[in-house]
Amino acid sequence: MKISVLMPTFNAEQYLKEAVDSVLNQTYGDFELLVIDDASKDWTRIILAEYDDPRIKLVDGPCQGLSKALNLGIQIAQGEYIARIDADDIALPQRFEKQVSYMDAHPNVGICGSWQEHFGEQNWIHKPGETPDQNRANLLFFCDLCHSTLMLRKSVFIMNNLFYDDHYASEDYQLWTRAIDVTDIVNLPEVLGKYRHGEDNITIAKFQKIDKESGRIVAETLWRTLGMHIASEDMCYFNSWANLYFDASSAKEKKERLKRFERLLREIWKANERVGFYNPQSLLNVFAVKWGWANYNNSLWMKYDVHDLEDVFTLQKQ
């Protein structure tokens with residue numbers, strides 16, 4: 001068995017059949033589908049009873065949240081690779097075939113994702129970084145991976161104790177920032193999955209928690225990868241969702257915040273010159289994205305032509 005498909009249900013049963021069908025219709029068929037039934041109000045069993053396919057395995061979840069359900073799936077998976085998909089998302093037919101082919105040919109890659117089409121209340125295509133160098137740099141500041149398109153090399157996760165930590169609301173982001181220490185992450189530059197935007201993908205309370213937490217995750221990553229300490233009062237400068245700079249109460253306050261942020265970015269640059277964990281050009285690329293967002297509220301998906309550190313701080317509004 002090559003792949004274990006890990007699908008927690010929670011309360012997405014109204015879309016479960018569509019998600020399951022997208023897995024069963026893959027051009028690559030050597031897989032088990034682990035449906036983790038975690039507080040699904042019994043609809044999961046009713047829907048799965050319609051199928052007569054031995055590859056589908058219904059697993060009783062721990063009912064202790066997403067992290068615990070996913071960790072259970074990683075532990076019991078029999079496949080060499082673990083393909084993630086949520087019960088309200090869709091895998092395009094050639095997704096598994098293309099990811100398995102790539103990971104078989106690149107044993108250094110522990111995580112392989114792809115571009116993802118967002119549909120429903122929002123319609124756009126998320127195009128995360130392609131190369132290991134750019135993904136390593138991007139994950140310093142953003143959770144720039146499409147979780148429901150990822151394929152994981154199980155041995156890498158088990159050997160390095162890479163499990164989801166339920167102390168974090170951004171359990172996926174925190175996990176990927178630890179994974180960059182031990183393995184390469186790539187994304188195939190084509191749409192292989194579809195992410196459904198519903199009316200309640202994330203609550204305001206969780207948004208606020210994730211935003212505040214993101215700065216702490218950045219600080220933890222900087223300490224681990226560069227040995228750079230970020231004071232607790234400075235962690236907010238790295239928050240990834242609400243724009244601390246663009247939403248300042250005055251031009252003076254915005255200028256002061258940006259000045260402090262620039263100093264922090266320059267310190268990161270110097271620390272990386274000493275340690276060399278991040279590819280310099282990839283780090284410049286993500287600096288530019290973060291600075292353009294902070295200063296002008298530019299999209300986080302913008303691409304910039306930067307060649308040195310000073311280019312970052314002379315960006316124009318897009």
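Residues numbered from 1 in each chain as written. Predicted model: local features only at pLDDT ≥ 70, side-chain atom pairs only at ≥ 80, totals over all residues. Heavy atoms only, no water.

(A) Structural view of helix 9 (residues 251-275). Given a rise of 1.5 Å per residue, 25 residues ought to cover 36 Å, and the 36 Å separating the end C-alpha atoms of helix 9 matches this to within 8%. If you check which residues of helix 9 are buried, you get Arg257, Leu258, Arg260, Phe261, Leu264, Leu265, Ile268, Trp269, Ala271 and Asn272. Immediately downstream of helix 9, the backbone of Gly276 shows phi near 75 degrees, a positive value. (Helix = DSSP H or I, 4+ residues; strand = E, 2+ residues; numbered from the N terminus. Expected span 1.5 Å × (residues − 1). Buried < 20%, exposed > 50% of the residue type's maximum accessible area, 1.4 Å probe, protein only.)

(B) Structural context of the packing of helix 9 against helix 10 (residues 280-296). As a packed pair, helix 9 and helix 10 sit with axes 12 Å apart at the nearest point and diverge in direction by 175 degrees. Here helix 9 is positioned roughly antiparallel relative to helix 10, judged by the angle of their axes. Counted together, Lys254, Leu258, Phe261, Glu262, Leu265, Ile268, Trp269 and Asn272 of helix 9 and Pro280, Leu283, Leu284, Phe287, Lys290, Trp291, Ala294 and Asn295 of helix 10 form the full contact between these two elements. When the residues that make up the contact of helix 9 with helix 10 are grouped by side-chain class, the tally is 11 nonpolar, 2 polar and 3 charged. (Axes fitted to C-alpha atoms, helices over the stretch in contact; angles between N-to-C directions. Parallel < 35°, antiparallel > 145°, perpendicular 65-115°, else oblique. Contact = heavy atoms within 4.5 Å. Nonpolar A, V, L, I, M, F, W, Y, C, P; charged D, E, K, R; others polar.)

(C) Quick peek at the nonpolar core. Counting residues in each nonpolar core, the largest one holds 63 residues, and the members touching the most others are Phe141, Trp176, Leu222, Phe238, Ile268 and Phe287. No other element matches helix 10, which puts 9 residues into this core. Counting residues in hydrophobic clusters, the runner-up holds 29 residues, among them Val5, Val20, Val23 and Ile85. (Core = buried A, V, L, I, M, F, W, Y, C linked by side-chain atoms within 4.5 Å.)

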